[in-house]
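# Coordinates in review
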Amino acid sequence: MNRFSLADTIEMSTIVVLVKQVPDTNAKIAVQGGRVDLSTVKMEMSPYDGFAIETALRHKEATGGTVTALTVGAAGTEKILKDAKAMGVDNIVRVWDDAWSELDSNALQSVLKESIESLGAHAVYCGKSAADTGAGSTGPGLAERLGWANASNIINAEFGDAVTVSMPVEAGVAKISVPLPAVISCDKGDFKPRKANVKGIMMAKKAKVELLTANAPASSVVVAHHSMPAAKPAGKTYEGGSSASEVVQLLRDEANVL
Amino acid sequence: MTDKIVIAELTKGTINPSTAELVAAAQAMGGNVTVVVPCTDASMANQVASYDGVSKVIAVKSDVFAGNDSSGWASALDGAMPQGTVLFLATSRSKDVASRLASRRGLSVVQDVVSIEGNNLTSPIYSGKANQTVTVNGDAVVSVRANVFSGVGSGSSNDVSVVDASGDVKTAVQEIMQRASARLDVSEANIIISGGRGMGSPANFTHLEAVADTIGAAVGASRAAVDTWEEIPHSMQVGQTGKTVNPNLYIAVGISGAIQHLAGMRSSKYIVAINKDADAPIFQHADYGIVATWEETLPVFQDALSNLLG
């Protein structure tokens, strides 16, 4: 009979949650000199990341382990790490190199892969997309680089040796068993992000941000410029509900959409 | 000029007609266009064999395409298709597969493209509050929004080659709970009627459903409605933290038009707003605005639609 203790044989889960700083989704966006001007816009954690943190914390509560929140960004992005800490994550990590400016998806995911591997993660959670680009590339792209399973846009999860997620598919909602290690991206679903309590906020103030760096390949996709969407010409306005019949006729004759 | 590879979009087991739009988008980037058809039955490729402007059609046959595992899709496609810039339709599943394929090939991915000038690709950012144009050097994987490009015509007869592929499936489906209602999802509808907090109660959404049934529309909601009422699920939410939509017709009822909401629907071709508050910001974006309560407007609207379409 082997004489290890149980604690030696069960590997504690190392869970990483990816967070990103984006402009407040209620803010107006302006373009100055061909670039988006964010100088007066409040920055915040991308809303879907809150669902990812909540899911990661529930994973830890179910199986044990630690949750590390990680962002890629300059020093100004540390506030969202503190917000994650206040919600209850154990560790906060910022990955950056001052030589970086804009990382394309290939460069960003290479950086994330290296960082995730150096942290020894078993499960990575992220928001289904960030509120800036809305691309949703990071979760599945990172999973592929790591050679891990992934599930996207999940709305519920149960935690065990594998994570059983609920996600929308063409026919309805599928329950899918995702073996670990895996990258899982979270939609707004059954898990409401918990609010930080006073103790959490106090601990977050004192928490130390761990700094990492990684190798980033040169970007082949570069931002050329930003622009505002074309303004729509002014529409027609009617008073009173009886005008609805006229509008229906115009939808047929003028807009040609009925 | 690198070759362009269009991945045909599958919707409920058939070729989505927007695949012809992807060919037009590929032509806008330049180079020879190959169409790759992921399928379980190679005869599906016959549908695209008649597309104009295509130099080659490859039917990639694999069981993985009957499922939803994006790893399986990406690995089966990767092994069966040539190098080049790859174009997908910007649907939820295809964006996922696009990201994985890009990773397999060490490429970058540019999602939700709405305009192409050679190597310059434009996508909405902040859910459409602004546009971002990027320059792509070399190959990339690109997803293109539906309803933006005019599809190529048909009449050609392209040769179809068939490749058997296997994919690396990592996840296992345990069960699928069928959608309870046959109602369309907002992300796949040509017409959407959405309600806001001005609807007064979630029960009043039945009035929107009645209109939706008449015109084959999906029913959506504002964030305010979703946050206020448990009965209105997040899957109905249109906006920056919900779904971004660009239908032919968007009807906003009792929605004031918060920036958040406008971001998700402003690219709709035609917008109708019904709101009792004449100062509601939604009217600045509406092609047709009706200043009135929904209670007095929807019955008239419904009758007129029934007369027109019935």
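Residues numbered from 1 in each chain as written. Chains lettered and ligands numbered in written order. Predicted model: local features only at pLDDT ≥ 70, side-chain atom pairs only at ≥ 80, totals over all residues. Heavy atoms only, no water.

All names here are of chain B. Counting buried positions along helix α3 (residues 70–80) yields ten of eleven residues, so the element is predominantly enclosed. Every buried residue of α3 is listed here: Ser70, Ser71, Gly72, Trp73, Ala74, Ser75, Ala76, Leu77, Asp78 and Ala80. One side-chain oxygen of the residue at the start of α3 lies 3.1 Å from the amide nitrogen of serine 71, identifying that residue as aspartate 69. (Buried < 20%, exposed > 50% of the residue type's maximum accessible area, 1.4 Å probe, protein only. Helix = DSSP H or I, 4+ residues; strand = E, 2+ residues; numbered from the N terminus. Polar contact = N/O pair within 3.5 Å; in protein donor to acceptor, adjacent residues only side chain to side chain.)

On to the interface of chain B and chain A, then. Taken residue by residue, the interface counts 82 residues in chain B and 82 residues in chain A. In total, chain B and chain A occlude about 6600 Å² of area from one another, counting both sides; carbon and sulfur atoms represent 54% of this. Looking only at chain B, the three residues that lose the most surface to chain A are Arg100(B), Tyr126(B) and Tyr288(B), adding up to 11% of its buried area. For the pair chain B and chain A, the interface holds three salt bridges. A salt bridge links Lys188(A) to Asp227(B); the shortest N-O distance between them is 3.0 Å. For the interface between chain B and chain A, the tally reads 41 residue pairs in polar contact (both at pLDDT 80 or more). Looking at side-chain class alone, the side of chain B that touches chain A contains 35 nonpolar, 31 polar and 16 charged residues. Taken together, the six bridges between strand β12 (residues 172–179) of chain A and strand β13 (residues 172–178) of chain B define a ladder with antiparallel strand orientation. Counterpart to Ala174(A) in the pairing with β13(B) is Ile176(B). (Contact = heavy atoms within 4.5 Å. Buried area = accessible area lost by both parts, 1.4 Å probe. Salt bridge = Lys/Arg side-chain N within 4 Å of Asp/Glu carboxyl O. Nonpolar A, V, L, I, M, F, W, Y, C, P; charged D, E, K, R; others polar. Pairing = 2+ DSSP bridges.)

Turning next to the domain arrangement of chain B. Residues and elements named next belong to chain B. When cut into domains, chain B gives domain 1 (4–164) and domain 2 (186–309). Each of domain 1 and domain 2 has a C-alpha centre, and the two are 32 Å apart. Carbon and sulfur atoms supply 36% of the area buried between domain 1 and domain 2, which totals about 730 Å² over both sides. When the buried surface of domain 1 facing domain 2 is broken down by residue, Ser127, Lys129 and Asn147 rank first, second and third, together holding 65% of it. At the boundary of domain 1 and domain 2, one finds two residue pairs in polar contact (both at pLDDT 80 or more). (Domains from an automatic or database assignment.)

This part covers the sheet that holds β13(B). Strand order across the open sheet formed by four strands is β10(A)-β11(A)-β12(A)-β13(B), with antiparallel pairing between neighbours. This sheet does not close on itself; its edge strands, each paired only once, are β10 (156–159) of chain A together with β13 of chain B. On average, adjacent strands in this sheet sit at an angle of 20 degrees to one another, irrespective of strand direction. Relative to β12(A), strand β11 (residues 162–169) of chain A runs antiparallel, the two being bridged by eight bridges. Looking at β12(A), one finds that Thr164(A) is bridged to Ser177(A). Strands β10 and β11 of chain A of the sheet are contacted by helix α2 (residues 47–63) of chain A, whose axis makes an angle of about 20 degrees with β10(A). (Axes fitted to C-alpha atoms, helices over the stretch in contact; angles between N-to-C directions.)

A few words now on the packing of aromatic side chains. Residue and element names in this part refer to chain B. All told, the structure shown has four aromatic pairs over all chains when counted by the stated rule. Where phenylalanine 65 meets tryptophan 73, the ring centres are 4.9 Å apart and the plane angle is 75 degrees; that geometry is what we call edge-to-face. Overall, tryptophan 73 belongs to the buried group, its relative accessible area being 5%. Ring plane angle 80 degrees and centroid distance 6.2 Å describe the contact between phenylalanine 205 and tryptophan 229, whose orientation is recorded as edge-to-face. Of this pair, phenylalanine 205 sits in helix α5 (residues 205–215) while tryptophan 229 sits in the loop between α6 (223–228) and β16 (249–253), placing them 24 residues apart in sequence. By relative accessible area, phenylalanine 205 is classed as buried at 3%. (Phe/Tyr/Trp six-rings, centres within 6.5 Å; stacked < 30°, edge-to-face > 60°.)

Position of Gln132(B) relative to the elements: it lies in strand β10 (residues 130–136). Here Gln132(B) falls in the buried class, since its relative accessible area comes to 19%. A distance of 2.8 Å separates a polar atom in the side chain of Gln132(B) from a polar atom in the side chain of His226(A). Residues contacting Gln132(B), with those up to four places away along its chain left out, are Val223(A), His225(A), His226(A), Leu121(B), Thr122(B), Ser123(B) and Ile125(B).

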